[in-house]
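The lines below spell out each chain.
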Amino acid sequence: MAVDMPILVDIQGGIATITLNRPDKLNSFTSEMLAQFGTALTTIAKDKSVRVLLITGAGRGFCAGQDLNARKRDDGAPDIDLGETLDTLYHPVLRKIRALELPVVAAVNGVAAGAGCNIALTCDVVIAAESASFIQAFCKIGLVPDCGGTWALQRLVGRQRAMGMALLGEKISAPQAEQWGLIWKTIPDVDFAVERDRLVEHLAQQPTYGLSLIKRAIDEGATNSFDEQIDLERDFQRLAGQSSDYAEGVSAFLEKRPPNFTGS
Ligand code: T3D
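Residues numbered from 1 in each chain as written. Predicted model: local features only at pLDDT ≥ 70, side-chain atom pairs only at ≥ 80, totals over all residues. Heavy atoms only, no water.

Colleague: Sorry, what's going on with the environment of A193 here?
Modeller: Secondary-structure assignment places A193 in helix α7 (residues 192–204). When its relative accessible area of 36% is taken as the criterion, A193 is described as partly exposed. It is 9.0 Å that separates the C-alpha atoms of A193 and A107, two residues lying 86 residues apart in sequence. (Helix = DSSP H or I, 4+ residues; strand = E, 2+ residues; numbered from the N terminus. Buried < 20%, exposed > 50% of the residue type's maximum accessible area, 1.4 Å probe, protein only.)

Colleague: Teacher, can you tell me more about the environment of G181 here?
Modeller: Among the structural elements, G181 can be located in the loop between α6 (174–180) and β10 (185–187). Placed 26 residues apart in sequence, G181 and R155 show a C-alpha to C-alpha distance of 9.8 Å. In contact with G181, other than residues within four places in its own chain, are L156 and V157. (Contact = heavy atoms within 4.5 Å.)

Colleague: Mind showing me how you'd approach the pattern of salt bridges here?
Modeller: Two side chains bearing opposite charge may form a pair once their charged atoms approach each other closely. Inspection of the entire model under this criterion finds twelve salt bridges. Between D124 and K215 there is a salt bridge, with the nearest N and O atoms lying 2.9 Å from each other. Placement of the pair is D124 in the loop between α3 (115–122) and β7 (125–129) and K215 in helix α8 (residues 208–221), with a sequence separation of 91 residues. For D124, a relative accessible area of 32% gives the class partly exposed. The class of K215 is buried, set by a relative accessible area of 9%. The partner of R196 in a salt bridge is D197, with the nearest N and O atoms 3.0 Å apart. For D197, a relative accessible area of 29% corresponds to the partly exposed category. Each member of the salt-bridge network shares a partner with another, and the members are D231, R234, D235 and R238. (Salt bridge = Lys/Arg side-chain N within 4 Å of Asp/Glu carboxyl O.)

Colleague: Got a minute to help me understand the packing of aromatic side chains in this structure?
Modeller: A ring pair, where both rings are aromatic, is described by two values, the distance of the centres and the angle of the planes. Here the structure, examined in full by the defined rule, presents two aromatic pairs. Residues F29 and F37 carry aromatic rings whose centres are separated by 6.2 Å and whose planes lie at 25° to one another, so their mutual orientation is stacked. Between F29 and Y90 the ring centres are 5.8 Å apart and the planes differ by 85°, which places this aromatic pair in the edge-to-face class. Taken together, the positions of F29 in the loop between β2 (15–20) and α1 (31–46) and Y90 in helix α2 (residues 82–99) put the pair 61 residues apart, joining distant regions of the chain. Exposure remark for F29: the relative accessible area of 0% places this residue in the buried category. Feature note: the residues F29, F37 and Y90 constitute an aromatic cluster, connected by ring pairs. (Phe/Tyr/Trp six-rings, centres within 6.5 Å; stacked < 30°, edge-to-face > 60°.)

Colleague: Any chance you could explain a nonpolar patch on the surface here in plain terms?
Modeller: Together, L68, I80, L82, I141 and L143 give the surface a local cluster of nonpolar side chains, amounting to about 410 Å² of exposed area. Within the secondary structure, L68 is located in the loop between β4 (61–63) and α2. Exposure remark for L68: the relative accessible area of 49% places this residue in the partly exposed category. (Patch = residues over 30% accessible without salt bridge, like charges linked within 9 Å, V, L, I, M, F, W, Y side chains within 5 Å. Areas by Shrake-Rupley, 256 points an atom, 1.4 Å probe, with all protein chains shown as cover.)

Spelled out as structure tokens, the structure:
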């Protein structure tokens, strides 16, 4: 693994880890980094040994969003079409994270700003070190929250807090984020690495296929009517009920032993 790559990928023991790796620039995104992020997600989606994905940042930050050095306007240079960079570089990453048929954990080790914040919020479970923070930095440079921010924020924390975060761009501490329901859990800094590893090791042993159906059901429930959703639950339960992990889960319960799930 080359340590100077902007995206580090490690796959072992059913756990894939993507580390955003430009620590001197708080892991802000360059085009090369986003392309590598997308490629890594495609590799992980194809690797049937992977049962959980962990996304984290190197150094003191998680990710400070788009690298603004690449957005400096030189006289005479044509404007960059930000809609196009979203379409071609950011959106494939977001869509791949949501489509992965396994749980995706964002371990927010430090500041998560702009696209960095909203990519974290696209993940399925977001944990954060107590000293970490979340910033919708876009308004401070005349931009609109992107990477699903305007979709996710109001669903997670309600309209007022979404508006406050998006219009004021204030730093929200990890404990505040947890209290609001923006993230799953805050962990004291000293315990962060151990608790993060414990969480992903746990998920890597779970019924992955069942978890993938849960992920899809919850995502589809965001837009379905009640009737559509209970029909979907019926269909997914039918599928889950045919899985070998369901058979193993029931046997293990009745035999009073820990289950040995294979993920299928
Ligand atoms: O394609 C498109 O452009 C559209 C998509 C847009 C998506 C977006 O994400 S737009 C939003 C971009 N992000 C921001 O506006 C956040 C900018 N950064 C900050 O506001 C602050 O750095 C933080 C609040 C995140 C952290 O503050 P602090 O005081 O802890 O650290 P710092 O000193 O500001 O940053 C440390 C270094 O990282 C520093 O470099 P230096 O001076 O030591 O060489 C700083 O310039 C660099 N850095 C931080 N964020 C970025 C960055 N460099 C480039 N781009 C950044 N976004």
